[in-house]
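What the coordinates show
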Amino acid sequence: MKKKSKKYTEALSKIEKGKSYPLEEAVKLVKETSTSKFDGTVEIAVRLNLDTKKNDQQLRGAIVLPHGTGKSKKVLVLAKGDAAKAAVDAGADFVGDVDMINKIEKENFFDFDVIIATPEMMPMLGKLGKVLGPKGLMPNPKTGTVTMDTKKAVEDVKKGRVEYRTDSYANVHALVGKVSFDEDKLVDNIRTFMDVIIKSKPQAAKGTYLKNVSIASTMGPGIKVDLNSFDK
């Protein structure tokens, strides 16, 4: 078993075991318990009461956080004509069509974080599904990455759009900012994210929807958030 560092042990001592903290307190603690020398990220983990074996109880989508994520993302847009020009004007890092698909396939090109594609490009991109899928890079209409409005899609990613989806255990994970963010900005980002998750509750879901919410910095301990912090 890996020995915990002195810094981590000190950080852990600031958190009361088993306690759930009001959101504002939890955010203050997540900043205090960050142990990394660099500006760590703040992530949220939400456990939901869903049966993800059923298609109508799976969540997937995207949201633009009001204060961004503090992390810049490189965007590849696969489009032609006006949609390609709009993507260039919006600040996409790479724009192309079949040439870029071939570059990924033949040159193992992955110098980007997000792919946005117009619907006409999807059949050609489909052959790379086995490569892009496991990396979480396959565009999807549910997350706004398959669209004709490439301008808005690029701008959303650059502003701080985060994607979310339930894993097989009905957990949702997302980046909600940086440790260096002001407390009120982190609180605002988290509330915005949670509002979307709560409003996305599937009609087929039974019982108590929110089971657990916790936040943590890159190398810091997890802090449970009191569910009463959110309008359920």
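Details of the structure are given in the entry above.
Residues numbered from 1 in each chain as written. Predicted model: local features only at pLDDT ≥ 70, side-chain atom pairs only at ≥ 80, totals over all residues. Heavy atoms only, no water.

Okay, the overall build of the chain next. Across its full length, the chain carries eight helices and nine strands. Against the compact-globule benchmark of 17 Å for 232 residues, the chain has a radius of gyration of 19 Å, which places it among compact chains. Here the C-alpha coordinates of the chain stretch approximately 55 × 45 × 35 Å along the principal axes. The 232 residues of the chain split such that 44% are buried. (Helix = DSSP H or I, 4+ residues; strand = E, 2+ residues; numbered from the N terminus. Rg over C-alpha atoms; globule rule 2.2 N^0.38 Å. Buried < 20%, exposed > 50% of the residue type's maximum accessible area, 1.4 Å probe, protein only.)

Bringing the sheet that holds strand β9 (residues 223-224) into the picture now. The strand order β7-β1-β8-β9 describes an open sheet built from four strands, whose pairing is antiparallel. Edge positions in the open sheet fall to β7 (171-178) and β9, since each of these has one partner strand only. In this structure, strand β1 (residues 41-48) lies alongside β7, joined through seven bridges in antiparallel fashion. Within β7, the residue paired with Arg47 across the bridge is Asn171. Its contacts with the sheet place helix α2 (residues 23-32) against β1, β8 (210-217) and β9, and it is angled at close to 30° to β8. The strands touched by helix α8 (residues 183-199) within the sheet are β1, β7 and β8, with β7 carrying the most contacts at an inclination of about 155°. (Pairing = 2+ DSSP bridges. Contact = heavy atoms within 4.5 Å. Axes fitted to C-alpha atoms, helices over the stretch in contact; angles between N-to-C directions.)

Packing of helix α3 (residues 81-90) against helix α7 (residues 150-159) brings their axes to within 8 Å, and their N-to-C directions diverge by 30°. In terms of axis orientation, α3 runs roughly parallel to α7. For the pair α3 and α7, the crossing hand works out as right-handed. Taking contact as the criterion, the partners of Ala83, Ala86, Ala87 and Ala90 in α3 are, on α7, Thr150, Lys151, Val154 and Glu155. For the contact of α3 with α7, the per-class residue count stands at five nonpolar, one polar and two charged. (Parallel < 35°, antiparallel > 145°, perpendicular 65-115°, else oblique. Left-handed = near helix turned anticlockwise from the far one by under 90°. Nonpolar A, V, L, I, M, F, W, Y, C, P; charged D, E, K, R; others polar.)

Summed over all chains, the structure comprises four aromatic pairs. Pairing Tyr164 with Phe193 gives two aromatic rings, centres 6.0 Å apart and planes at 90°, and the pair type is edge-to-face. In this pair, Tyr164 is assigned in strand β6 (residues 161-165) and Phe193 in helix α8, connecting sequence segments 29 residues apart. Classification of Tyr164 as buried rests on a relative accessible area of 7%. (Phe/Tyr/Trp six-rings, centres within 6.5 Å; stacked < 30°, edge-to-face > 60°.)

A few words now on the sheet that holds strand β5 (residues 114-117). With parallel pairing, three strands are arranged side by side in an open sheet as β4-β3-β5. Looking along the sheet, the strands with just one partner apiece sit at the ends: β4 (94-96) and β5. Averaged over all pairs of adjacent strands, the angle between strand axes in this sheet comes to 15°, irrespective of strand direction. Direction of pairing for strand β3 (residues 75-78) relative to β4: parallel, over a ladder of three bridges. From the neighbouring strand, Leu78 faces β4, where its bridge partner is Gly96. Against the sheet, α7 touches β3 and β5, its axis set at about 165° to β3.

Turning to α3, a few remarks are in order. Burial in α3 covers these residues: Ala83, Ala84, Ala87 and Ala90. With its buried residues spanning 125° around the axis, α3 presents them on a single face. For α3, the exposed residues set more than 90 degrees away from the buried face come down to Gly81, Asp82, Lys85, Val88 and Asp89. Against β3, β4 and α7 lie the buried residues of α3. Downstream of α3 by one or two residues, Gly91 has phi in the positive range, about 100°. (Arc of directions from axis to C-beta.)

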